[in-house]
Amino acid sequence: MRLLLTVFSIIVIFFSVSCSKKITEEQKKETPSVEVTDKAVFETSMGTIEVELYGKEMPITVNNFKKYVETSFYDGLIFHRVIPGFVIQGGGLDTNMNEKATSEPIKLETSTKLKNKKYFLSMARKPMPDSASSQFFICLGDISHLDYNPAKGPSNGYAVFGKVIKGMEIVDKIASVDTGTKGKYENVPKTPVLINKAYMLSNNIKEKK
């Protein structure tokens, strides 16, 4: 009986170690091997979201985003597009669905290290590659068809430049709101989800992920 218990204990320990190793490997797959240069916070009407930014890998995109944050551009704007399983998008419209004037659009940056996976932050843009300005989206799932694909040439995909590291439950909460059509816009939250305030948390963090 004691031998059986010993054998059972060994099996349980081995299984636990194997599971832990598997989880660790899966977590590594979700974490890009890029340097974290900055962190930013969105204080929304549904809670606080913190993101890390990859300025070394995507310098144009991150500097553009930081400029909008540091000038309080996002304060008072909304998440105007919510599609469960796809994205929550914001950073361009106010509660009356008026689009705020932006700076000139930026060049599309690409990276094979960064993917449009759940909770990652990417720049929204028009069909033209170099058309992103202030709007961004947070992925609600793995959206591989938005990833940069070198086989399609130098100008494709959507620029992934950060990841939600705190407030994932807030992202999920926003993703579950009731939506409808407002003017020419679809998938608009019926109760506005406000970005009350956006600010940079720190600079030059230099964390290697």
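Located above this text is the structure these notes cover.
Read on for an overview of the structure.

### Brief notes about the overall build of the protein
Counting secondary structure elements, the protein contains three helices and 10 strands. Starting at the N terminus, the α and β elements of the protein follow one another as α-β-β-α-β-β-β-β-β-α-β-β-β. Expressed as a percentage of the 209 residues in the protein, the buried residues total 44%. Put simply, of all contacts in the protein between residues at least 6 apart along the chain, 70% involve residues at least 24 apart. Accessible surface computed for the protein: about 11,400 Å², of which carbon and sulfur atoms make up 54%.

### Points about unusual backbone geometry
Despite not being glycine, methionine 97 shows a phi value in the positive range, around 65°. Summarising the element assignment, methionine 97 is placed in the loop between β4 (87–90) and β5 (120–123). Although it is not a glycine, asparagine 187 sits at a positive phi angle of roughly 60°. Checked against the element boundaries, asparagine 187 lands in strand β9 (residues 185–189).

### Considerations on the side chain of glutamate 52
Mapped onto the secondary structure, glutamate 52 falls in strand β2 (residues 47–53). Side chain to side chain, glutamate 52 and tyrosine 54 meet in a polar contact 2.6 Å long.

### Some points on the environment of glycine 90
Its place among the elements puts glycine 90 in strand β4. Judged by its relative accessible area of 0%, glycine 90 falls in the buried class. For the pair glycine 90 and methionine 123, spaced 33 residues apart in the sequence, the C-alpha separation amounts to 9.9 Å. Excluding anything up to four places from it in sequence, glycine 90 contacts Ile78, Phe79, His80, Ser134, Gln135 and Phe136.

### Focus on helix α3 (residues 168–175)
Buried residues of α3: Ile170, Val171, Ile174 and Ala175, and no others. Buried positions in α3, seen along its axis, are confined to an arc of 145° and lie on one side of it. Its buried side turned inward, α3 meets β1 (35–44), β2, β3 (77–83), β4, β6 (136–139) and β7 (160–166).

### Some remarks on the pairing of β3
Burial within β3 is extensive, with five of its seven residues counted as buried. Taking the residues that link successive antiparallel strands as the turn, the β3-β4 hairpin has three residues, and the phi of glycine 85 there is positive, at about 80°.

### Quick notes on the side chain of histidine 80
For histidine 80, the position within the fold is in strand β3. A relative accessible area of 5% places histidine 80 in the buried class. When neighbours within four sequence positions are excluded, histidine 80 is seen to be in contact with Gln89, Gly90, Leu93, Met97, Gln135, Glu186, Asn187, Val188 and Pro189.

Thresholds applied
- Along each chain, residue indices are assigned from 1 in the same order as the chain's sequence is written.
- In keeping with the predicted nature of the model, local features appear solely for residues at pLDDT of at least 70, side-chain atom pairs appear and are counted solely at 80 or more, and the whole-chain, interface and lining totals rest on all residues.
- Hydrogens and waters are ignored; side-chain quantities use all the structure's heavy atoms.
- Only runs of H or I of at least four residues qualify as helices and only runs of E of at least two qualify as strands under DSSP, and these elements are numbered from the N terminus.
- Here's how the labels work: a residue is buried when its accessible area is under 20% of the maximum for its type, exposed when over 50%, partly exposed in between, all with a 1.4 Å probe on protein chains only.
- The contact rule is simple, with two residues in contact once any of their heavy atoms fall within 4.5 Å.
- Every accessible area reported is derived by Shrake-Rupley at a probe size of 1.4 Å, with residue values counting cover from the shown protein chains alone.
- As used in this structure description, the phrase polar contact means that two N or O atoms lie within 3.5 Å; if the pair is within protein, one of them must be able to donate a hydrogen and the other to accept it, and residues adjacent in sequence are counted only when both atoms belong to side chains.
- Picture the helix axis, draw a direction to every C-beta atom, and the arc is the one those directions span.
- Should DSSP find at least two bridges between two strands, the strands are taken to pair.

By themselves, these figures tell us nothing about what the structure is for.
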